[in-house]
Amino acid sequence: MSFINYMAREINCKIVYYGPGLCGKTTNLQYIYERTNPDAKGKMISLATETERTLFFDFLPLSLGEIRGFKTRFHLYTVPGQVFYDASRKLILKGVDGVVFVADSQIERMEANLESVENLRTNLQEQGYSLDRLPYVIQYNKRDLPNVASVEELRELVNSTHVPEFEACARTGVGVFETLKAIAKLVLTELKRGS
Amino acid sequence: MVNPQMVMYEEEFNRIQMVVDRLVQDANARVVFIVDKNGQLIAASGDVENLDTTSLASLTAGNIAATGGMAKLLKENEFATQFHEGEKANIHIQLVGNRVILVVIFDAKSSLGLVRLRVKRASEELNRIFEALLKKVQEPGESPFAEITDEDIDNLFND
Ligand SMILES: Nc1nc2c(ncn2[C@@H]2O[C@H](COP(=O)(O)OP(=O)(O)O)[C@@H](O)[C@H]2O)c(=O)[nH]1
Ligand SMILES: [Mg+2]
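Residues numbered from 1 in each chain as written. Chains lettered and ligands numbered in written order. Predicted model: local features only at pLDDT ≥ 70, side-chain atom pairs only at ≥ 80, totals over all residues. Heavy atoms only, no water.

A. Molecular detail of the overall build of chain A. A tally of helices and strands in chain A yields five helices and eight strands. Start at the N end of chain A and walk to the C end: the helices and strands fall as β-β-α-β-β-β-α-β-α-β-α-β-α. If you line up chain A on its principal axes, its C-alpha atoms span 50 × 35 × 30 Å. Accessible surface, chain A: about 8,500 Å² in total, of which carbon and sulfur atoms supply 50%. (Helix = DSSP H or I, 4+ residues; strand = E, 2+ residues; numbered from the N terminus. Areas by Shrake-Rupley, 256 points an atom, 1.4 Å probe, with all protein chains shown as cover.)

B. Broad picture of the side chain of A:N119. Residues and elements named next belong to chain A. Residue position: N119 is located in helix α3 (residues 110-126). You can call N119 buried: its relative accessible area is 18%. Side-chain polar atoms of N119 contact the side chain of D86, separated by 2.9 Å. With residues up to four places along the chain from it excluded, the contact list for N119 reads Y18, D86 and R89. (Buried < 20%, exposed > 50% of the residue type's maximum accessible area, 1.4 Å probe, protein only. Polar contact = N/O pair within 3.5 Å; in protein donor to acceptor, adjacent residues only side chain to side chain. Contact = heavy atoms within 4.5 Å.)

C. Quick peek at the site of ligand 1. Residue and element names in this part refer to chain A. Lining the immediate surroundings of ligand 1 are 14 residues, of which L22, K25, T26, T27 and D144 lie closest. At 2.8 Å, a side-chain N or O of K25 approaches an oxygen atom of ligand 1. Coverage of ligand 1 by the protein amounts to 82% of the 590 Å² it exposes when considered alone. Assessed atom by atom at 2 Å from the grid points, ligand 1 resides in the second largest pocket. By residue number, the principal contributor to the shell around ligand 1 is helix α1 (residues 25-34), which donates three residues. (Near = heavy atom within 4 Å. 1 Å grid on protein atoms, 1.4 Å probe; cavity = no way out; pocket = protein on both sides within 12 Å on 5 of 7 lines; lining within 4 Å. Sits in = over half its atoms within 2 Å of the grid points.)

D. Expanded view of α1(A). All names here are of chain A. Taken residue by residue, α1 has K25, N28, L29, Y31 and I32 as its buried positions. For α1, the angular spread of buried residues about the axis comes to 160°, placing them on one side. Against the buried residues of α1 lie β2 (10-18), β4 (54-67), β5 (70-78), β6 (98-104), β7 (136-141) and α5 (176-193). (Arc of directions from axis to C-beta.)

E. Local environment of the pattern of salt bridges. All names here are of chain A. Under the defined criterion, the tally for this structure stands at 18 salt bridges over all chains. Salt-bridge contacts for R121 lead to D132; the nearest nitrogen and oxygen are separated by 3.2 Å. Highlighted residues: R121 in helix α3 and D132 in the loop between α3 and β7, separated in sequence by eleven residues. One continuous salt-bridge network, built from bridges that share partners, spans D86, R89, K90 and E126. (Salt bridge = Lys/Arg side-chain N within 4 Å of Asp/Glu carboxyl O.)

As structure tokens, this is what we get:
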């Protein structure tokens, strides 16, 4: 649920990075944080365990510039990927305006990808959203590793509805901003259509 | 869309800001701010210069969401009030109309009793303002974004 503030002349939107544990959600945000001008970003917050696994969420506020005199501000969140954190994932999806699904391209993570994308659909439904009507893009991450599935295989597995998809290596930043721009554009386009 | 769009207009903003400003005074608070349940900061007052209100807003909403989840598991209604006591700073968190969150940060210059009392009155006023705001939002009106073009959106991303 975007927030239009006529007083501050701002619009605020919430984007959630979803995906199985260790697929690279936090790494996406870290890269965005590192490569953004200080005046366009707030502090990045990570609620993580001692071993740097996301416990509740990561949060990164970003400003993307102005449209018609309104500042556009995006709040990026990641969810904890591990299966047993499902209650937390549901909470973070509340009020979401757009979703990035980060798939782990490694062959041994195919089942985890499938489970996570199904979990995304179910959790959205529980909140009364439909993944098919929400701004939604998919990122195939870790393309740099040797043991990866082909994009065709990944597409068949997690992108049967043919939403925009991007190959990425979040660790070096390949595809990270392409993914962000795509979801931000979809969210703004949705806003234009009037919600 | 499921949720009604959250919108803030100048008139309501000014009324909200007045409530928040007064609460800082009346409760001897250091800082007062209001956040929506999705973590967006709505208004703030007091000694906010040295405070990362964006981060605080997001964490407050996360906190309320988490305790709300706990309440659900216990078949409770939402826990409407929370209090965190620190060595110097204390935080009082109040859910208002199940819609927005009123946060008061205070130190030894105030007391929990005073804060509670003042928060109660402020909550009632805020509840009325937000109810009126919600009605207004549901009236059909022109969105400022109906007019934006694909080009406007593209231009945002031309580095
Ligand atoms: N080789 C490779 N490793 C990656 C890539 N993206 C993330 N990683 C690594 O995968 C691990 C888990 O990443 P993290 O972002 O914490 O995953 P999250 O659980 O989805 O937040 C970390 O060690 C990252 O450095 C990538 O594109 N390629
Ligand atoms: Mg993580």
